[in-house]
Amino acid sequence: MNSRLIKYIILEIIAIIIAIFWLIPLYSMLINGFKTNFEATATPVLFPPKVFTISSYITVWGEMKRPLINSIIIAIPVAFISTIFGEMAAYFFYVTSERMPAVSNTGFSIISLATFIPYQATLLPLIELEASWGLFNSYQGLIFALLIFYMPTAALLMSIFIPVIPKYLIEAARIDKASDWTVFWKVVFPLTIPGFLATMIFVFIESWNNFFMPLVLTSSPSLRLIPVAERAFTGGYGTLYNDSYAAAVIASIVPLVVFIILGRYFIKGLAALGGGAKGV
Amino acid sequence: MAIPTLFFSGVLLYLVAWNIYLSFLNWSLVSRIPKFVGFGTYSYLLHQYFFKIGAMHSAIFSLGLIAIGNPLGIFLAGILYFLPNKFRTLMVSIFLYPLAISMATNGLIWTWLFNLHLGVDYALRLIHLPTIPWLTTPTTTIGALFLVEIWAYTGLAVLFYLASFMGVDKSIIEAARIDKAGGFKILFKILIPNSMNGFIVSTALLFLFSFRLFSLPYVIGGGPTNLNLMTLVTYLYYLFYSEFFSASAATSVIVTVVATAVIIPYALYGIKRWIRRE
Amino acid sequence: MVKVKVKDLTKIFKKGKNIVVANDKISLEVDDGATFGILGESGGGKTTLLRQIAGLEIPTDGYIYFDEKVVSAPNKIIVEPENRNISLVFQNWALYPNMTIYDNIAFPLKNIKMPKSEIDKRVTEISETLNIKQVLKHYPREVSGGQMQRAALARALVKNPKLLLLDEPFSNLDAQIRDSARALVRKIQKELSLTTIIVSHDPADIFSIAEDAGVIVRGKFVQIGNVSELYNNPISETVSKLLGDINTVEGEVKEKAIVIGNLAIPFDKKIDLTEVKVGIRPEDMRISQAEIIKNYVNIGKVKVKVSSYSAGIFKLIVSPISDESIEFSVNSETHIRSGIEAFLFIRPEKMKLFDSNGNRIM
Ligand SMILES: Nc1ncnc2c1ncn2[C@@H]1O[C@H](COP(=O)(O)OP(=O)(O)OP(=O)(O)O)[C@@H](O)[C@H]1O
Ligand SMILES: [Mg+2]
């Protein structure tokens, strides 16, 4: 066997070992929900169950059903609205980037700020604003708050995806007297569908997983979103229940399935945060 | 067409401005009718013990992640670069999956793994390695959170370094091979020196993601009041719920200023390079 | 140096459902110290062949030998590129952007752990030969295209390779400096009697550097031979075009002549075809008001349509007066205005005839 092949194999083995470490949390989450409560509190987290049972899922399901529906009600519109309007804004910045660099620099800085700012830092004024507009503790209020951050995020990601369209295509359409609206729907949108999907899936997963906003903006249990509901199943610090594992699985199942099936779009979205990262 | 986005961005700027205004008052549980106190709240904050440790932990968690995440990302990307495409894609997905799960859930899973009897310590005992008292001593609690952070965010560094490496012209790598450069030489003399972009992006993103950590310390620490894990972000939350409103706003302003100092240069770098392709 | 032998080399790329046969049973031999050119149209498979010889691409089938030693076999690289003692100059030169020109040139020597003083001596020497001493401290992006190209060449030569591979090394250069760059490569190749294989779609590169050449069309070698043999006796219309400008015009075979509009080329051989393609290179034609030129045959009256000038000669485009859609490109030593009518002359022994599929019949 030649030395190059041996080197490859060594590298693969190192990569696989590290990847196994990376997968331990996922593995332990998946196996422990199938333990009985006694087994969960008495056997090591890393050991698979001796007796498979779905009793904990049945227990948890009743209380997780509503939050699951709530999360769907919130995350889907947030993802969709953010991405459509975000793409429109990105298109605007793209066509103005040469004519008015100052406008696009400022615009891009602001959407970057909204994307990356520690959103927790808006806590106090956000609650005041939502309270004065009567949005506090409502679906609309949650959607509104998430849009403040995720619509600019979508605009940022789409700003990375739109430049794949050659400028001359847009210019040609404009010379043919197409309105911005027509150019957007007939040229820009169809040519950026992969980027659109990447952005939408990214925003969907991010808003699904957002823990802080539902934590601070809702007070009634009927409005709980899934990451908050899940925390109710932990007995505080370090306590082990089979129920909390099952709740964790239910909380992560949607984003995990999306990640497994459409992971390449999510990764594309993540990559766009740093300029695109083509070829990975 | 940009109006909806501009509207929501405007709301954000308005919130930030409101925060600044509130931070100059002395609004709290004890002073219900707020007065303008200038930088009074800020100087009050600077003398708070919680603020100091919050700032320290924020610095540790973000600078620490940059210090470890970057080299680890380079190391893993360096390995993956030389491996076949399909395998590489799978590995990148594995390193990134923590970002697809809520950090609250991630925190929860790790709390079980940190259980002294049944968690990873059980496995360590099994192979006769010293065990770690994870969440029971201050230092190891910080270490534990740090570990989770690395697990959660290093994938980003891997992604961006790998992208930079793959962006290096293939013929340059082949030229290096023909010039008898081995794998290490190619990594250190060619790939890394030509990956400035990967370094800037992953440093900026690692900083920004770790600086706004909330769910992990909240869940692993069992709430916002765990002193060992208090960061500026959990502290401002804590101040808010204990109704030190202006202090919370002032902390928010400090957090915003620090983040903005990184975000704006990063945005300007990005728009030049990725959008205008200069 | 080394003798290179390629036997039945095949490379198939599979991209999803797409299957591209980039090299199809290619065989060739390049003697120790010889130079060989590979010519072909874009996408013909030239680069793929060169990369296989370098060991950067694994053959789907066939063998490559260096001095009778197998270096590549079907689906196997037996000697890795780094152990083949070769140098490859890439089309884009592939200079390391993060290193100065000096470090670029020194890189292969550092990799074999040569002492510093020896490295310095060699780099200085080669950069003097190639006249890039003044830019050694600069980074590749700071120097001109010609200097980059010479730096790439210096990096290739400094390690005393046994085989030099060049992939379109001049195509990114300005026309003015291409000639001197070619001459330089040829000179060094001769001095070192370095076995060299050069790939290009520009016949000028091949003429100035290679003694023998092969023509690749859609992955296959269609003709191999001495370069002037290829030029004068191409086996097909495609090969004739790849080796240089040539007029190919359809003509009717009549008794004692091939007729093109009002033009008639004397022809008394017997062939079965009624239609042929006449191939004739611009330099084998003349145009004149006089009715007779020595060694040339007057084939009839034409009208000058376009007249232009490049690289020391006037280039004319002329048409038979009866048919403006037929065009010949002709060289001329003097300027002739467009619109003028004159006689067209050819050297009959240089004329080539092709059938309608482009195969040479005469
Ligand atoms: N790595 C690859 N994967 C898939 N197809 C390839 C690859 N490399 C080359 N090909 C295909 O093989 C064929 C031959 O390509 P090659 O680069 O050898 O042509 P070439 O003669 O060098 O052309 P050019 O003059 O444009 O450089 C082309 O159809 C090309 O698309
Ligand atoms: Mg080529």
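Residues numbered from 1 in each chain as written. Chains lettered and ligands numbered in written order. Predicted model: local features only at pLDDT ≥ 70, side-chain atom pairs only at ≥ 80, totals over all residues. Heavy atoms only, no water.

Engineer: Help me understand the overall build of chain A, please; the structure alone is not making it clear to me.
Structural biologist: A tally of helices and strands in chain A yields 12 helices and zero strands. The N-to-C order of helical and strand elements in chain A reads α-α-α-α-α-α-α-α-α-α-α-α. Put simply, 75% of the contacts in chain A that link residues at least 6 apart link residues at least 24 apart. In the structure as shown, chain A presents an accessible area of about 11,200 Å², 71% of it carried by carbon and sulfur atoms. (Helix = DSSP H or I, 4+ residues; strand = E, 2+ residues; numbered from the N terminus. Contact = heavy atoms within 4.5 Å. Areas by Shrake-Rupley, 256 points an atom, 1.4 Å probe, with all protein chains shown as cover.)

Engineer: For this particular structure, what's the right way to read the interface of chain A and chain B?
Structural biologist: It is common to report an interface's size as the accessible area lost on association of the parts. In this assembly, 103 residues from chain A lie in contact with 100 residues from chain B. Here chain A and chain B share an interface that buries about 8,900 Å² over both sides, 78% of which is from carbon and sulfur atoms. Joining chain A to chain B, the criterion identifies zero salt bridges. Remark: the boundary between chain A and chain B carries 16 residue pairs in polar contact (both at pLDDT 80 or more). The class makeup of the residues in the side of chain A that touches chain B is 74 nonpolar, 22 polar and seven charged. (Buried area = accessible area lost by both parts, 1.4 Å probe. Salt bridge = Lys/Arg side-chain N within 4 Å of Asp/Glu carboxyl O. Polar contact = N/O pair within 3.5 Å; in protein donor to acceptor, adjacent residues only side chain to side chain. Nonpolar A, V, L, I, M, F, W, Y, C, P; charged D, E, K, R; others polar.)

Engineer: Which parts of the structure should I look at to understand the site of ligand 1?
Structural biologist: All names here are of chain C. Around ligand 1, a shell composed of 13 residues is seen, among which Ser42, Gly43, Lys46, Thr47 and Thr48 lie nearest. When isolated, ligand 1 has an accessible area of 630 Å², and the protein chains bury 66% of it. The biggest single contributor to the shell around ligand 1 is helix α1 (residues 46-54), with three residues. Of the residues contributing to the shell around ligand 1, the split by class is three nonpolar, six polar and four charged. (Near = heavy atom within 4 Å.)

Engineer: So what exactly am I meant to see when it comes to the domain arrangement of chain C here?
Structural biologist: All names here are of chain C. Here chain C is described as being made up of domain 1 (4-242) and domain 2 (247-354). Summing both sides of the interface, domain 1 and domain 2 together bury roughly 650 Å²; the carbon and sulfur share of this comes to 44%. When the buried area of domain 1 at its contact with domain 2 is split by residue, Tyr231, Glu237 and Ser240 rank highest and sum to 72% of it. There are one salt bridge connecting domain 1 and domain 2. Put simply, Lys277 and Glu237 hold a salt bridge, and the shortest N to O gap is 3.0 Å. The interface formed by domain 1 and domain 2 contains six residue pairs in polar contact (both at pLDDT 80 or more). Elements represented by at least two residues in the side of domain 1 that touches domain 2 include exactly α7 (227-232) and α8 (237-242). Looking at which element gives the most residues to the side of domain 1 that touches domain 2, the answer is α8, with three residues. Along the lines of polarity and charge, the residues of the side of domain 1 that touches domain 2 split into two nonpolar, three polar and two charged. (Domains from an automatic or database assignment.)

Engineer: What exactly am I supposed to notice about the pairing of strand β5 (residues 69-73) of chain C here?
Structural biologist: Look at any regular strand and the pattern is simple: side chains alternate between the two faces of the sheet. Residue and element names in this part refer to chain C. The pairing of strand β4 (residues 61-66) with β5 spans three bridges and is classified as antiparallel. Bridging across to β5, Tyr65 finds its partner in Val70. Linking β4 to β5, which pair antiparallel, is a turn of two residues; within it Asp67 sits at a positive phi near 50°. As paired strands, β5 and strand β6 (residues 76-77) are joined by two bridges and run antiparallel to one another. Its bridge partner being in β6, Ala73 is matched across the sheet by Lys76. Counting the residues that bridge the hairpin from β5 to β6 gives two residues, and of these Asn75 lies at a positive phi of roughly 55°. (Pairing = 2+ DSSP bridges.)

Engineer: Which parts of the structure should I look at to understand the interface of chain B and chain C?
Structural biologist: Listed as interface residues are 16 residues of chain B and, on the opposing side, 25 residues of chain C. Both faces considered, chain B and chain C share a buried interface measuring about 1,800 Å² in area, 54% of it formed by carbon and sulfur atoms. At the boundary of chain B and chain C, one finds five salt bridges. With a closest N to O distance of 2.5 Å, Glu174 of chain B and Arg51 of chain C form a salt bridge. Viewed at the interface, chain C and chain B are joined by 15 residue pairs in polar contact (both at pLDDT 80 or more). When contributions to the side of chain B that touches chain C are tallied by element, the ones reaching two or more residues are α8 (170-178) and α9 (183-191) of chain B. No other element matches α8 of chain B, which puts seven residues into the side of chain B that touches chain C. Across the side of chain B that touches chain C, the residue classes tally to seven nonpolar, two polar and seven charged.

Engineer: What am I meant to see in the pattern of salt bridges here?
Structural biologist: Any two side chains of opposite charge can pair, on the condition that their charged atoms come close. All names here are of chain C. Applying the stated criterion across every chain yields a total of 27 salt bridges over all chains. Residue Glu211 pairs with Arg186 through a salt bridge whose shortest N-O separation is 3.4 Å. Of this pair, Glu211 sits in the loop between α6 (203-209) and β10 (212-217) while Arg186 sits in helix α5 (residues 175-192), placing them 25 residues apart in sequence. Residue Arg186 is classed as buried on the basis of its relative accessible area of 16%. Residues joined in a network through salt bridges with shared partners are Arg178, Asp179, Arg182, Asp202 and Asp205. (Buried < 20%, exposed > 50% of the residue type's maximum accessible area, 1.4 Å probe, protein only.)

Engineer: I would appreciate a short explanation of the sheet that holds strand β9 (residues 195-200) of chain C in the present structure.
Structural biologist: Each strand in a sheet pairs with its neighbour through backbone hydrogen bonds, running either in the same direction (parallel) or in the opposite one (antiparallel). All names here are of chain C. Pairing within the open sheet is mixed, and its six strands lie in the order β7-β8-β9-β3-β10-β11. The open sheet has two edge strands, β7 (86-89) and β11 (220-226), and neither has a second partner. Each adjacent strand pair in this sheet contributes to an overall mean axis angle of 15°, direction not counted. Pairing of strand β8 (residues 163-167) with β9 involves five bridges; the strand directions are parallel. Across the sheet, Asp167 pairs through a bridge with Val199, a residue of β9. Here helix α4 (residues 145-157) sits on the sheet in contact with β7 and β8, set at roughly 170° to β7. (Axes fitted to C-alpha atoms, helices over the stretch in contact; angles between N-to-C directions.)

Engineer: Looking at this model, I keep getting lost on the packing of aromatic side chains. Mind explaining?
Structural biologist: Pairs of aromatic rings are described using the distance from one ring centre to the other and the angle between the two planes. Under the defined criterion, the tally for this structure stands at 59 aromatic pairs over all chains. Here the aromatic rings of Phe204 of chain A and Trp208 of chain A are separated by 5.7 Å at their centres, their planes lie at 40°, and the arrangement is tilted. In this pair, Phe204 of chain A and Trp208 of chain A are both assigned in helix α9 (residues 193-209), four residues apart and thus about one turn of the helix distant. Residue classification places Trp208 of chain A among the buried residues on the basis of a relative accessible area of 2%. Arranged with centres 5.7 Å apart and planes meeting at 25°, the rings of Tyr153 of chain B and Phe209 of chain B form a pair that is stacked. Placement of the pair is Tyr153 of chain B in helix α7 (residues 138-167) and Phe209 of chain B in helix α10 (residues 196-211), with a sequence separation of 56 residues. Taken individually, Tyr153 of chain B and Phe209 of chain B each receive the classification buried, so the pair is uniform in this respect. Aromatic rings pair up to connect Tyr119, Phe149, Phe211 and Phe212 of chain A together with Trp27, Phe214, Tyr218, Tyr237, Phe240, Tyr241 and Phe245 of chain B into one cluster. (Phe/Tyr/Trp six-rings, centres within 6.5 Å; stacked < 30°, edge-to-face > 60°.)

Engineer: What is the right way to look at the nonpolar core in this model?
Structural biologist: As a rule of thumb, nonpolar side chains are buried together in soluble globular proteins. Core analysis: the biggest nonpolar cluster contains 243 residues, and Met213 of chain A, Tyr153 of chain B together with Ile197 of chain C have the highest contact counts within it. Ignoring any residue separated from it by four or fewer positions in sequence, one finds Ile197 of chain C in contact with Val4, Val30, Phe36, Ile38, Leu50, Ile53, Leu163, Leu164, Leu165 and Leu166 of chain C. (Core = buried A, V, L, I, M, F, W, Y, C linked by side-chain atoms within 4.5 Å.)

Engineer: What's the story with helix α6 (residues 139-161) of chain A in this structure? I'm lost.
Structural biologist: Along an α-helix, a turn takes 3.6 residues, which lines up residues three or four apart on a common side. All names here are of chain A. Across its 23 residues, α6 extends 30 Å between first and last C-alpha, which sits within 8% of the 33 Å expected from 1.5 Å per residue. The largest bend in α6 amounts to roughly 40° and is located at Leu147. Here α6 lies mainly inside the structure; 21 of its 23 residues are buried. (Expected span 1.5 Å × (residues − 1). Bend = angle between axes of the 7 residues up to and from the residue.)

Engineer: Help me understand a negative patch on the surface in this model?
Structural biologist: Residues Asp31, Asp32, Asp67 and Asp212 of chain C make up a contiguous surface patch of negative charge. Along the chain, Asp31 of chain C falls in the loop between β2 (18-30) and β3 (35-40). (Patch = residues over 30% accessible without salt bridge, like charges linked within 9 Å, V, L, I, M, F, W, Y side chains within 5 Å. Lys, Arg positive; Asp, Glu negative; His and termini not counted. Charge placed at Lys NZ, Arg CZ, Asp CG, Glu CD.)

Engineer: Any chance you could explain unusual backbone geometry here in plain terms?
Structural biologist: Negative phi is the rule for most residues except glycine; trans is the rule for most peptide bonds. All names here are of chain C. The phi dihedral of Asn160 falls on the positive side, at around 50°, and the residue is not glycine. If you trace the backbone, Asn160 turns up in the loop between α4 and β8. Unlike most non-glycine residues, Asn295 shows phi in positive territory, near 70°. Considering the arrangement of structural elements, one finds Asn295 in the loop between β16 (285-288) and β17 (297-310).

Engineer: Would you take a moment to explain the side chain of His57 of chain B for this structure?
Structural biologist: Residues and elements named next belong to chain B. Within the fold, His57 resides in helix α3 (residues 49-81). By relative accessible area, His57 is classed as buried at 4%. In contact with His57, not counting residues within four places along its chain, are Ile142, Leu227, Asn228, Leu229, Met230 and Thr231.

Engineer: Help me understand the pairing of β9 of chain C in this model?
Structural biologist: All names here are of chain C. Across the six residues that make up β9, a large majority, six, are buried. Where burial is concerned, the two faces of β9 agree: the one with Thr195, Ile197 and Val199 and the one with Thr196, Ile198 and Ser200 are both buried. The pairing of β3 with β9 spans five bridges and is classified as parallel. Across the sheet, Leu39 pairs through a bridge with Ser200, a residue of β9.

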